[in-house]
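# Structural characterization, general
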Amino acid sequence: MKFNKIKNRLLIATAIGFAVMMPSAAMAQEEDTETTSETETSEDGEFLGELTLGQSKREVQTGTATPITTIKQEEIDDRQANTIAELIDSVPGVTLVNGQTPQGSGINIRGFGANSIYGTDQKVAVLVDGATTGAEEIYRVSNQLFTDPYLYKSVDVIRGTVGSFEYGSGIVGGVVLLETKDASDFTGGEPGFGGSLTLGGQTNGDGINGSGILAWQPSEKAEFLFNYTYRDQDNQEDGSGNEIGNSAFELPSFLVKGRYAFDDTHSIMASYTQSDSADRDVPYDTFVTGTDFFGNVDRDVTTQTGSLFYYFQPAGNDLIDLEAALTYSNQEIDQTYIPFTNGFGAEVGFGVVDADLQYERTKLTVKNTSFVQTGSIEHEIRTGVEFIQNDRLEASAAPGGTDNRQAIFIIDNIDFGNGLTFTPALRYENQTLETDFFDLDAGERVEGEFDDSALMGGASLRYQFENGFAVFGSYAYTESLPILDDTPTPAPSNRSNIFTAEEASTYEAGFSYDTIGVFSDSDTLSFKLNYYDTTLEDITFIGGLDEISLQGVELEGSFAMESGFYVDLNGNFSDGDEINTAGVSVTYRSLTADSVRVTAGKRFGRFLDVSLEALSVADADVSFRSGNPEQGDSYNIFNARATISPQSGILKGTSFRLGVENLSDEDYTPNLSTRKATGQNFKLTVSRQF
């Protein structure tokens, strides 16, 4: 990307942000003079705490050089998302591929992750309570994230490589960390019972959803939670009123979780999630809206994650804070081909669609955090070791086998005490692939074993000024080790061996600003801008490519007044090229579209929170792509939300959430998607906590 292009986009984005924040904030201050906080008491007059109104919906993570966004429970509830993908689409750099349904959907970060061919390219990691989920390159089906937003209380999205070495190798796009709900979230940490009931619906697709949570804390040392969720919708309609085929789904899910503290030093935590989907007579190709030449199938999908954690945290010992985690993830996709014939009576379809697919990952992670003081310098050192086994069932056109890996990592967050922090990180990973493949020379299937290893790492540097400004920069290098799909086929010399690691380097730089007291003593303003430059070489996940080069700017902003008025801002501006093996360069086919999202809202104490969200997406270069000619067009979307939470009387503890998505009923196809977006959609959710 030329410097002028980045500069122009940066100036535009910054102008938009401050134009929205400052005049609106000043107007809100003139119109409203509510106090900064209000005291809440129980029905019997007991003091329960103080509510601070000067906060926005989402906190900007200005205290770190890592580009990370955290979505907490309040925002999870208010967004009323149908899928995890829909929940994080407001994060800069995140693009959804058909994100409104579990099937055929995926998450793309900075141009990597899901695409219109595969649900993953191994460059975005998704973890549920520490369990790494996802499959490999299963054509036109892949590893949709079948799980329900109701199961989770927070989502962290790390963009890029620099913050990823604790979670895996080959992470170029980013990491999505999902944390399930705890019983203590409903019991308040006190012995007894708690829970919640939730019922919701939507007009587009006649969708319904519900969730029931039962939490039990028999003592201060133990807590247990059970969560059952059900979600169902018919085919939806786009902005022109046309049906979006293949968008209906039914998804029951549940979560079981428990914690137990043996004493102040030893404790354990276990969680298990499962989601099931049963579709009958649906297109094999989950990316399309109707039956194509692949034909139809009956498909059953089961997605499971399990985690068992052991914590050793001796009091007064700064050198030991040990965490051992045994995690398991499994996805089974069972498909039965439904034969059909063309007008001449000939059967149409391919045998590949009658394949049963399964991908399992078992991982043992042991890591320790130590705090070391050397003079005025403080070290927070995280060291860890991982043992990973990936098992894949062999299917038609999908090689099976095992991928065993061992890894060690170390991350040292060094605080020099004068505003300067330096964080180097290293990860070493070794793998052994065992599979069988068809040897063209021998004319038969043979067993093979392949080994590879890589040393990866990076470092970030951040300096905090006393006036609230901070500057930071980083460099990170990672390797995407081969997967089973990359297993070589020995063949004549004119066939290439694609069993090689992809190598990626990323440079980042940016600044942040955080202050309290803009127009009044309690107003808060946070802003963070991050520039990145990524180069990926030795490409294997796209045939015929040699290199991908991407540059982009991501920004996040937040402003909140003591009156309860708030504004959240995020933007994404990127450019990039792909170079094929002949040296020809064109725009990268999975480039994210430039976008700006602004949310303006007002809190009226704890009783009411109203907001309006505006999203503007620019034209995307789709010259390389085939399929829907409308894909990548510019569009402007408005979403309105309101949350009503009575604080007294019979409705205390009940929340009513109303939302209208795509207010103007815009007809558009999002960038990277293969299906049109949902038209106007009214949502209502009622929840009761007890």
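Everything in this summary refers to the structure shown in the same document. Counting of residues starts from 1 at the beginning of each chain's written sequence and follows it residue by residue. This being a predicted model, a pLDDT of at least 70 is required before a residue's local features are given, and a value of 80 or more before pairs of side-chain atoms are given or counted; all residues contribute to the totals for chains, interfaces and linings. Just so you know, side-chain values use all the structure's heavy atoms and leave hydrogens and water out.

Turning next to unusual backbone geometry. Of note, Q122 is a non-glycine position whose phi angle comes to about 75 degrees, a positive value. Looking at the element boundaries, Q122 is found in the loop between β6 (112-113) and β7 (124-128). Unlike most non-glycine residues, N246 shows phi in positive territory, near 65 degrees. Counting through the fold element by element, N246 comes out in the loop between β15 (243-244) and β16 (249-261). In DSSP terms, a helix is any run of H or I states spanning at least four residues, a strand is any run of E spanning at least two, and both are numbered starting from the N terminus.

A few words now on the nonpolar core. Buried residues of nine kinds, namely Ala, Val, Leu, Ile, Met, Phe, Trp, Tyr and Cys, make up a nonpolar core once their side-chain atoms join them within 4.5 Å. With a 1.4 Å probe rolled over the protein chains alone, any residue whose accessible area is under 20% of its type maximum counts as buried; one over 50% counts as exposed, and the rest are partly exposed. Counting residues in each nonpolar core, the largest one holds 27 residues, and the members touching the most others are I88, V94, V155 and L178. Going through the elements one at a time, α3 (84-87), β4 (94-97), β5 (106-109), β7, β9 (152-159), β10 (174-180) and β12 (207-219) are the ones with two or more residues in this core. Other than its neighbours up to four places away in sequence, V155 contacts T69, T70, I71, I76, L87, I88, V176, L177 and L178. In this structure, L529, L555, F565 and L569 belong to the second largest nonpolar core, which totals 13 residues. The contact criterion used throughout is that any non-hydrogen atoms of two residues lie within 4.5 Å.

The side-chain alternation of β4 yields two buried faces, one formed by V94 and L96 and the other by T95 and V97. Being paired, for any two strands, means DSSP has found at least two bridges between them. Inspection of the sheet shows β4 paired to β5 by four bridges, in the antiparallel sense. Bridging across to β5, L96 finds its partner in I107.

Another aspect to go through is the sheet that holds β7. Reading across the sheet, the five strands line up as β3-β9-β10-β7-β8 and stay open at both edges, with mixed pairing between neighbours. On the outer flanks of this sheet lie β3 (68-71) and β8 (131-133), each paired with one strand and no other. Across this sheet, the average inter-strand angle for adjacent strands is 20 degrees, counted without regard to direction. For β7 and β10, the ladder comprises five bridges, and the chain directions are parallel. Residue pairing for β10: V128 is matched across the bridge by L178. Helix axes are fitted to C-alpha atoms over the stretch in contact, other axes to C-alpha atoms as well, and angles between N-to-C directions run from 0 to 180 degrees.

This next bit is on the sheet that holds β5. What the three strands build is an open sheet, ordered β4-β5-β6; its pairing is antiparallel. The open sheet has two free edges, formed respectively by β4 and β6, since each of these has just one partner strand.

Scope: geometric values only; no functional claims are made or implied.
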